[in-house]
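Each chain, written out:
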Amino acid sequence: MNTTKVTWTCPSNIAIVKYWGKKGNQIPCNSSLSLTLSNSFTQVEAELSAKTADDLVQLTYYFEGEINEKFGQRVAKFLIDNREFFPFLSENALTIHSSNSFPHSAGIASSASAFGAISLALLDIAYTLENKELDDEFYAKASYLARLGSGSASRSMFPGYAMWGENDKISNSSNEYAIEVKNIHPTFRNMKDAILIVEDEPKKVSSSVGHSLMNNHPYAENRFIQAIDRTSELVEILKTGNMEAFIHMCESEALTLHAMMMTSMDYYLLVKPGTITAIERLIEFRKENNIPVCFTLDAGPNVHVLYPKAFEKQVEDFIQNELSDTYKNVIYDMEGNGPKKLNN
Ligand code: DP6
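Residues numbered from 1 in each chain as written. Predicted model: local features only at pLDDT ≥ 70, side-chain atom pairs only at ≥ 80, totals over all residues. Heavy atoms only, no water.

Side note on a negative patch on the surface
Basically, it comes down to this: Each patch is built from residues lacking any salt bridge and having more than 30% relative accessible area; the joining distance is 9 Å for like charges and 5 Å for nonpolar side chains (Val, Leu, Ile, Met, Phe, Trp, Tyr). We get accessible surface area from the Shrake-Rupley algorithm with a probe of 1.4 Å; when it comes to residues, only the shown protein chains can shield them. Definition used for salt bridges: Asp or Glu carboxyl oxygen within 4 Å of a side-chain nitrogen of Lys or Arg. Neither His nor the chain termini are counted; the positive set is Lys and Arg, and the negative set is Asp and Glu. Taken as the charge centre is NZ of Lys, CZ of Arg, CG of Asp or CD of Glu, depending on the residue. The secondary structure listing takes helices from DSSP runs of H or I that are at least 4 residues long and strands from runs of E that are at least 2 residues long, numbered from the N terminus. Think of it in three bands: residues with accessible area under 20% of the maximum for their type are buried, residues over 50% are exposed, and the middle band is partly exposed, with areas taken using a 1.4 Å probe on protein chains only.
A cluster of acidic side chains, namely E133, D135, D136 and E137, defines a negative patch on the protein surface. Relative to the helices and strands, D136 resides in helix α3 (residues 136–149). With a relative accessible area of 70%, D136 lands in the exposed category.

Describing the pairing of strand β10 (residues 191–197)
The side chains of a regular strand alternate between the sheet's two faces. Going by this rule: Note on pairing: DSSP must find at least two bridges between two strands before they are called paired.
Burial analysis of β10 places 7 of its 7 residues in the buried class, which makes it a mostly covered element. Because side chains alternate across β10, one face comprises the buried residues M191, D193, I195 and I197, and the other comprises K192, A194 and L196, equally buried. In the sheet, β10 pairs with strand β12 (residues 303–308) via 6 bridges, with the strands oriented antiparallel. Bridge assignment links I195 to a residue of β12, and that residue is H304.

Section: the packing of aromatic side chains
What counts here: Paired rings are identified among Phe, Tyr and Trp, the last through its six-membered ring, by centres lying within 6.5 Å, and are further divided according to the angle between planes into stacked (under 30 degrees), edge-to-face (over 60) and tilted (the rest). A positively charged side chain is recorded as over a ring if its NZ (Lys) or CZ (Arg) lies within 6 Å of the ring centre. The angle to the ring normal must also be within 35 degrees.
Counted according to the given criterion, the structure contains 13 aromatic pairs. Seen from their ring centres, F188 and F246 are 4.8 Å apart, and the 35 degrees between their planes marks the pair as tilted. Of this pair, F188 sits in the loop between β9 (178–181) and β10 while F246 sits in helix α6 (residues 243–262), and the two are 58 residues apart along the sequence. You'll find F188 and F246 in the same group, each marked buried. Among the aromatic residues, those joined into a ring-pair cluster are W8, Y127, F138 and Y139. A cation sits over an aromatic face here: R147 above Y144, 5.0 Å from the ring centre.

Focus: the site of the ligand
Let me state the cut-off plainly: Definition of nearness: a residue and a molecule or strand are near each other if at least one heavy atom of the residue lies within 4 Å of the molecule or strand. Polar contacts here mean pairs of N or O atoms no more than 3.5 Å apart (in protein, one a potential hydrogen donor and the other a potential acceptor; neighbouring residues in sequence count only if both atoms are side-chain atoms). Under the scheme applied, nonpolar residues are Ala, Val, Leu, Ile, Met, Phe, Trp, Tyr, Cys and Pro; charged residues are Asp, Glu, Lys and Arg; polar residues are all the others, including Gly.
Close to the ligand lie 16 residues, the nearest being Y19, K22, S150, G151 and S152. Take Y19: an N or O atom from its side chain is 2.7 Å from an oxygen atom of the ligand. A distance of 2.7 Å separates an oxygen atom of the ligand from a polar atom in the side chain of S150. The residue inventory of the shell around the ligand, partitioned by class, reads 5 nonpolar, 7 polar and 4 charged.

Things to note about the side chain of N175
The cut-off we apply is this: Whether two residues are in contact is decided by their heavy atoms, any of which lying within 4.5 Å being enough.
The residue N175 is located in the loop between β8 (161–164) and β9 in this model. Within the structure, N175 has its side chain in polar contact with the backbone nitrogen of E166 (distance 2.8 Å). Setting aside chain neighbours within four positions, we find N175 in contact with Q26, I27, P28, R147, W164, G165 and E166.

A word on helix α8 (residues 312–322)
Keep this limit in mind: Arc definition: it is the arc formed by the directions from the helix axis to the C-beta atoms.
Those residues of α8 not exposed but buried are V315, E316, F318 and I319. One side of α8 carries all its buried residues, which in axial view fall inside an arc of 155 degrees. Structural note: α8 exposes K313 and N321 on the side pointing more than 90 degrees away from its buried face. Looking at the packing, one finds that the buried side of α8 touches β10, α7 (273–289), β12 and β13 (329–334).

Focus: the sheet that holds β13
Rules: Angles run from 0 to 180 degrees between N-to-C directions of axes, and those axes are lines fitted to C-alpha atoms, restricted for helices to the stretch in contact.
As summarised here, the arrangement of the 4 strands in space is β11-β12-β10-β13, forming an open sheet in which the pairing is antiparallel. The open sheet is flanked by β11 (294–297) and β13, the only strands paired with a single partner. Here the strands of the sheet are splayed against their neighbours by 25 degrees on average, with no regard to which way each runs. Of the strands in this sheet, β10, β11 and β12 are in contact with α6, which crosses β11 at around 30 degrees. The strands touched by α8 are β10, β12 and β13; relative to β12, the strand with the most contacts, the crossing angle is about 155 degrees.

Focus on the pairing of β8
What you see with β8 is no split at all: Y161 and M163 on one side and A162 and W164 on the other are buried throughout. The pairing of strand β4 (residues 32–50) with β8 spans 4 bridges and is antiparallel. Bridge assignment links L33 to a residue of β8, and that residue is M163.

Some words on the nonpolar core
Put simply, the rule reads: In these notes, a set of buried Ala, Val, Leu, Ile, Met, Phe, Trp, Tyr and Cys residues joined through side-chain atoms within 4.5 Å is what counts as a nonpolar core.
Within the largest apolar cluster, 45 residues are counted, with the highest numbers of intra-cluster contacts made by L59, V75, L79, L94, I96, I118 and L122. Per element, the largest residue contribution to this core is 12 residues, and it comes from helix α2 (residues 111–129). With sequence-adjacent residues up to four places away left out, I118 is seen in contact with V44, Y61, F71, V75, F78 and I96. Counting 30 residues, the second largest nonpolar core, distinct from the first, contains V17, I179, I184 and L238.

Observations regarding the packing of α2 against α3
Just so we agree on the cut-off: For classification purposes, angles smaller than 35 degrees are called roughly parallel, those larger than 145 roughly antiparallel, those between 65 and 115 roughly perpendicular, and all remaining angles oblique. A crossing counts as left-handed when the near helix is turned anticlockwise from the far one by less than a right angle, and as right-handed when that turn is clockwise.
Here α2 crosses α3 at 130 degrees, and the two axes come no closer than 8 Å. Judged by the inter-axis angle, α2 sits oblique to α3. At the point where α2 passes α3, the crossing takes the right-handed sense. Facing α2, whose interface residues are F115, G116, S119, L120, L123, D124 and Y127, α3 presents E137, F138, Y139, K141, A142, L145, A146 and G149. Taken together, the residues that form the contact of α2 with α3 break down as 9 nonpolar, 3 polar and 3 charged.

Listed below in structure tokens is the structure:
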């Protein structure tokens, strides 16, 4: 068996209840719940070789075939901070080749799938060197590590729906790692997510700056309480198959996230005219046709259109025929099965 080279893919995820605000070492101010995607993923190949320098961690990081100093430095810091989990890094150099399934300029470049895949690959090496099996604890630990790299990455470890963050009403919930949300009504199985790429420029304000603006935000406390309540409500909605309640919560969460940005002391705005037009037409389309379709947003202008697979024809025709002037590109994605280990 080759123990020094592993390859993993890890999907991105789209939050329905949003994580926005954190404290301490990547501890969320509220619980969140997301849908794991399928087609939008990062693939990471991690390979060990003999160390040639006495750096704490000797990392060479390639993104899509080229050395990427900027993200490489973030990954190196993550490895140094968490080197107790990766004892083999004291004696081995590490080369990471990372690539995304989605176009570089798609504007969805996601630290969730990247840190997810990196955490899985490195933890896999650690487990293999100790002859341990990749059991449920492996995924919980990978989620823990991924969280330390990027909060939302913690939720990418699981198929379907995952939640992260302590919540009194959800047993086994934790601030330190995410858990799978099981017991999903068939209504919410095979949900599709058409990602309308309204803008593919890098964001003006990064998520980490956005999170920090929740620290002295006038509405923060109420927002955190609301999101915690909504997480447990959403678990119930997913169990009972209440689509109307899902649509309401999903859209309200998207607008609340952006309202938090707009009402920060250092206020800013990430939505674009195309974002607003697409949302308005979508709400109209839903009303006129009585089709269960809704939108959500991440921390950017792109619109995620969510709908059950059973309605894909109507919704995708609508996206192509009536929204095409609002976006540059569409990525069709759907509920996914979580990370995968590839054979080298
Ligand atoms: C709006 O996970 O990117 O997508 O922990 O600083 O890496 P860091 O932040 P990140 O924040 C994601 C915010 C969000 C909502 C969500 O995914 O829950």
